[in-house]
Each structure stands twice: as structure tokens, then as C-alpha cells.
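These are the residues of each chain, in order.
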Amino acid sequence: MNRYFKRILQSASFFKGLSVTLKYFFQPKRIVTEQYPENRDTLRMYSRFRGRLEMIEDENGENKCTACGMCERNCPNGSISVLPTKNIAGKKVLGRYIYRLDTCTQCGLCVESCPFGAIRMNQEFELAEFDRSRFEMKLNQKEGRA
């Protein structure tokens with residue numbers, strides 16, 4: 001008798017799933033599926049989506065990074081290289097910030113560990129490339145600068 005009621009309860013979950021399918025069949029305007037290639041211009045990823053890494057600039061257009069290296073130390077794959085230099089006054093400043101997307105797992109540990117909030121994960125999701133060398137990026141290089 002106990003086995004009989006277990007089977008009835010198991011079939012109830014089947015009917016629950018079938019009811020959702022039938023609702024979408026008879027009310028197609030409620031469908032939430034994204035039509036990806038057609039809506040590429042308007043498609044926005046969720047706020048928690050982790051794309052590739054990018055640097056954040058302050059109100060003067062300069063990077064917030066101080067070359068402390070916390071992100072480099074916390075990256076489990078070694079996808080980040082912070083190469084500091086010294087300015088005229090002898091203070092350590094950011095020289096180059098190298099990011100390797102091909103080894104990055106988008107775990108976000110670098111963003112969480114940055115004490116200055118200088119980096120974030122962006123919303124880009126089309127990251128495929130034919131040339132592997134395009135996966136190594138210098139993030140602190142602004143457009144128009146060397």
C-alpha cells in the first residue's frame with residue numbers, strides 16, 4: 001500500500017512539469033526564451049554574469065590600480081600579471097597590467113580581493129577568437145595610447 005502512494009506522488013511531479021509545458025503551448029507570449037542571434041543588439045546579460053576582466057577608471061580617466069598585486073596573488077591560474085614601475089618621485093605605480101583570458105576561469109577572486117575596486121568583470125559574452133594571441137590583453141592601455 002505504501003508503494004502505491006509513492007508511485008502516485010512521483011507521477012504528480014510529471015503532471016506538474018507537463019502543466020508548465022501546456023501553459024507555454026497555449027500562451028506563447030509568456031515564453032521567456034531569448035532569440036539570441038536576432039536580438040544580439042538588445043541582449044543584456046544578468047548583473048551577476050562574469051565576462052572578461054576590465055579596469056575601472058576614476059573621474060579623471062585614470063586607472064584606480066595602485067599595482068599592489070593582490071589580484072595577481074589571488075588568481076588561482078596565474079592569469080594576471082601586474083608589472084609595476086616607479087614614477088619620477090620614486091613611488092611605485094602601475095606599469096602594465098597583463099590579463100590572459102585563455103587561462104582565466106572567471107572565478108572573480110581577483111575582483112573580490114582588490115582593495116581599491118580597480119577591476120571588475122564586464123558583461124561581454126561573445127569571447128570566441130580564432131587567434132590565441134588575442135586572448136592576452138594589456139588592460140591599462142587606453143585607446144589611442146601605446
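Within any chain, residue numbers begin from 1 and follow the written order of that chain's sequence. Where totals are concerned, whole chains, interfaces and linings use all residues; where local detail is concerned, this predicted model gives features only for residues with pLDDT of at least 70, and gives and counts side-chain atom pairs only at 80 or more. Side-chain calculation: all heavy atoms of the structure are included, whereas hydrogens and water are not.

Asker: Whenever I open this one, unusual backbone geometry confuses me. Can you help?
Answerer: Glycine aside, residues mostly have negative phi, and peptide bonds are mostly found in the trans state. Even without a glycine there, the phi angle at alanine 67 is positive, about 65 degrees. Exposure is judged per residue with a 1.4 Å probe applied to protein chains only, and the accessible area is read against the type maximum: over 50% gives exposed, under 20% gives buried, and values in between give partly exposed. A relative accessible area of 3% means that alanine 67 is categorised as buried.

Asker: Explanation requested: the UniProt feature "binding site: [4Fe-4S] cluster 1" (unreviewed entry) in the protein in the structure shown.
Answerer: According to UniProt, the feature "binding site: [4Fe-4S] cluster 1" (unreviewed entry) maps to Cys65, Cys68, Cys71 and Cys114 in the numbering used here. Spatially, the listed residues are clustered: although they cover 50 residues, their C-alpha atoms lie within 10.3 Å of one another. Helix numbering and strand numbering both begin at the N terminus, where a helix is a DSSP run of H or I of at least 4 residues and a strand a DSSP run of E of at least 2. By the secondary structure assignment, cysteine 68 is in the loop between strand E1 (53–55) and helix H2 (70–74). Of the residues examined, cysteine 68 reaches a relative accessible area of 29% and is grouped as partly exposed. UniProt positions are given in the numbering used here, feature names are shortened, and annotations may be inferred rather than shown by experiment.

Asker: When you look at the nonpolar core in this model, what are you seeing that I'm missing?
Answerer: One broad rule of soluble globular proteins: the nonpolar side chains tend to lie buried together. Counting 20 residues, the largest nonpolar core has Leu53, Ile80, Tyr97, Tyr99 and Ile119 as the members making the most contacts within it. Contributing elements (two or more residues each) for this core: E1, strand E2 (80–86), strand E3 (92–100) and strand E4 (119–121). Look past the residues within four positions of tyrosine 97 in its chain and what remains in contact with it is Leu53, Met55, Cys65, Cys71, Ile80, Ser81, Val82, Ile119, Met137, Lys138, Leu139 and Asn140. The set of buried Ala, Val, Leu, Ile, Met, Phe, Trp, Tyr and Cys residues whose side-chain atoms join them within 4.5 Å is what this entry labels a nonpolar core. Contact between two residues is taken to exist if any of their heavy atoms lie within 4.5 Å; hydrogens are not considered.

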